[in-house]
Amino acid sequence: MDIAENIKNIKTEINQIAERCGRNPKEIILVAVSKTKPVSLIEQALENGVSIIGENKVQEATEKIPLLKGKYKEFHFIGHLQTNKIKKLLQLHPDLIHSVDKIKTAKKIDDLLKDSSRKQNILIEVNTSGEESKFGIKPNEVKAFCKELKNFNNIKVTGLMTVGKLTDNQDEIRECFKTLKNLYDELKSECSDFKYLSMGMSGDFKIAIEEGSNMVRIGSAIFGKRVYK
Ligand SMILES: *Cc1c(COP(=O)(O)O)cnc(C)c1O
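Everything quoted here is computed from the prediction, not taken from an experiment.

Student: Honestly, the pairing of strand 6 (residues 155–161) in this entry has me stumped. Any pointers?
Tutor: Taken residue by residue, a regular strand's side chains alternate between the two faces of the sheet. Counting buried positions along strand 6 yields 6 of 7 residues, so the element is predominantly enclosed. Bridging between strand 5 (residues 120–125) and strand 6 involves 6 bridges; their strand directions are parallel. Bridge pairing links isoleucine 124 to leucine 160 in strand 6. Handedness of the crossover is the feature at issue here: the chain leaves strand 5, passes through helix 6 (residues 142–149), returns alongside strand 6, and the resulting connection is right-handed. With respect to chirality, the unit in which strand 6 leads through helix 7 (residues 170–187) into the neighbouring parallel strand 7 (residues 196–198) is right-handed.

See below:
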C-alpha cells in the first residue's frame, strides 16, 4: 500500500467531482481519518499532502496527537464524545469537534473554557439516516439545538456533520446528505458562523460532494483497511 499514491488519487477524485458539479475544488477540505493507525503512518500522510487529521477516540488521540504536534495543521475530533473525556480532549486543542449532539456536552466544553479566551469550534452531529446505531440529533431538532448553543460564549458552531446510511443503496445514502444540506441552508442565516458541511467517507464521499459537502472525512481509502484488536 502506497499512502502517497492513495492521497494523490483521492485528491484527484475530489477535484474531478467538484469540477463536474461546477464547484471550486479548493472549497472541499480533506480530513484524513487516522484512527487505529500508528504515528509513523500518519507522519507519512502528513508528508504527502495531508494537513488535517481526524481521530475518534480521546484515549488514542491523547497518545498520538502530542507526538505529531507541529506536523499537522489541524487536529479534528470526529468520534462520540463522553462527558468524562472532554477535559482530556480539550488539552489536545482540537481545531474542530465534529460530533456534538448533546447540550450536556456543549455545556461541559463551555464550562471548561470559561476562564480562557478560547472558543471551541464545533459541528452539530445530525442523525440523517434514522438508524438507531447512529449518534446525532434528529433533523427536526437541529434548529432549537443550534439556538440553545448560542448561550455558550466559549463555543462556536461552525456547521453540521452526518454519517451517511450504512447501505449499498446509493439513493438512500444520497437522501441523508440532501437532508443535511437542506438543514444547513435553512439555518445558515440564523447561525452566522456556519461554514462547514462535514459529510462523506471513503465509500460515499463522491455522493456527498455532489450533494454539497465541503468537508470529507476519509480513512481507509488513505490508510488502508482498519484492523480492530
Ligand atoms: C472512521 C470514520 C470515518 C472514516 O471512515 P472510512 O470509511 O475509513 O473513510 C469518517 N467519519 C467518522 C465519524 C468515522 O468514525
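Structure's up, so let's keep going.
Student: I'm lost on empty space enclosed by the protein in this one. Help?
Tutor: Throughout the structure, instances matching the rule amount to 1 cavity of 30 Å³ or more. Roughly 40 Å³ of volume is contained in the largest cavity. Taken together, Lys143, Cys146, Lys147, Lys150, Leu187, Glu190 and Cys191 make up the full set of residues lining the largest cavity. A per-element tally of the lining of the largest cavity places helix 6 first, with 3 residues. Across the lining of the largest cavity, the residue classes break down as 3 nonpolar, no polar and 4 charged.

Student: Can you help me understand the packing of helix 2 (residues 39–46) against helix 3 (residues 58–68) in this one?
Tutor: Helix-helix packing is described using two parameters, namely the angle between the two axes and the distance between the axes. Two numbers describe how helix 2 lies on helix 3: the axes approach to 10 Å, and their chain directions differ by 45 degrees. In terms of orientation, helix 2 lies oblique with respect to helix 3. You can see that helix 2 and helix 3 cross each other, and the crossing is right-handed. Contacts from Val39, Ile42, Glu43 and Leu46 of helix 2 reach helix 3 at Lys64, Leu67 and Leu68. Here the residues of the contact of helix 2 with helix 3 are counted per class, giving 5 nonpolar, no polar and 2 charged.

Student: Explanation requested: the site of the ligand in the structure shown.
Tutor: In the vicinity of the ligand, the contacting residues are Val33, Lys35, Ile78, Met161, Met201, Ser202, Arg217, Ile218, Gly219, Ser220 and Arg226. Between the ligand and serine 220 there is a distance of 2.8 Å, counted from an oxygen atom to a backbone nitrogen or oxygen. Burial of the ligand by the surrounding chains reaches 88%, relative to a free accessible area of 390 Å². Among the residues forming the shell around the ligand, the class breakdown is 5 nonpolar, 3 polar and 3 charged.

Student: Which parts of the structure should I look at to understand the pattern of salt bridges?
Tutor: It is possible for side chains of opposite charge to pair when their charged atoms get near one another. According to the stated counting rule, one finds 16 salt bridges in the structure shown. Close ionic contact of glutamate 43 with lysine 71 constitutes a salt bridge, the shortest N to O distance being 2.7 Å. Separated by 28 residues along the polypeptide, glutamate 43 in helix 2 and lysine 71 in the loop between helix 3 and strand 3 (74–77) bring together distant segments of the chain. Between arginine 174 and glutamate 211 there is a salt bridge, and its shortest N-O distance comes to 2.7 Å. Within this pair, whereas arginine 174 is found in helix 7, its partner glutamate 211 is found in the loop between helix 8 (205–210) and strand 8 (215–218), the two being separated by 37 residues in sequence. Several salt bridges converge on common partners, so that one network encompasses Arg20, Arg174, Lys178, Glu210 and Glu211.

Calculation rules
Residues numbered from 1 in each chain as written. Predicted model: local features only at pLDDT ≥ 70, side-chain atom pairs only at ≥ 80, totals over all residues. Heavy atoms only, no water. Buried < 20%, exposed > 50% of the residue type's maximum accessible area, 1.4 Å probe, protein only. Helix = DSSP H or I, 4+ residues; strand = E, 2+ residues; numbered from the N terminus. Pairing = 2+ DSSP bridges. Right-handed = clockwise from strand over helix to strand, strands pointing away. 1 Å grid on protein atoms, 1.4 Å probe; cavity = no way out; pocket = protein on both sides within 12 Å on 5 of 7 lines; lining within 4 Å. Points joined across faces, edges and corners; volume = space filled by probe spheres on them. Nonpolar A, V, L, I, M, F, W, Y, C, P; charged D, E, K, R; others polar. Axes fitted to C-alpha atoms, helices over the stretch in contact; angles between N-to-C directions. Parallel < 35°, antiparallel > 145°, perpendicular 65-115°, else oblique. Left-handed = near helix turned anticlockwise from the far one by under 90°. Contact = heavy atoms within 4.5 Å. Near = heavy atom within 4 Å. Polar contact = N/O pair within 3.5 Å; in protein donor to acceptor, adjacent residues only side chain to side chain. Areas by Shrake-Rupley, 256 points an atom, 1.4 Å probe, with all protein chains shown as cover. Salt bridge = Lys/Arg side-chain N within 4 Å of Asp/Glu carboxyl O.

The quantities given are spatial measurements derived from coordinates; they are silent on function.
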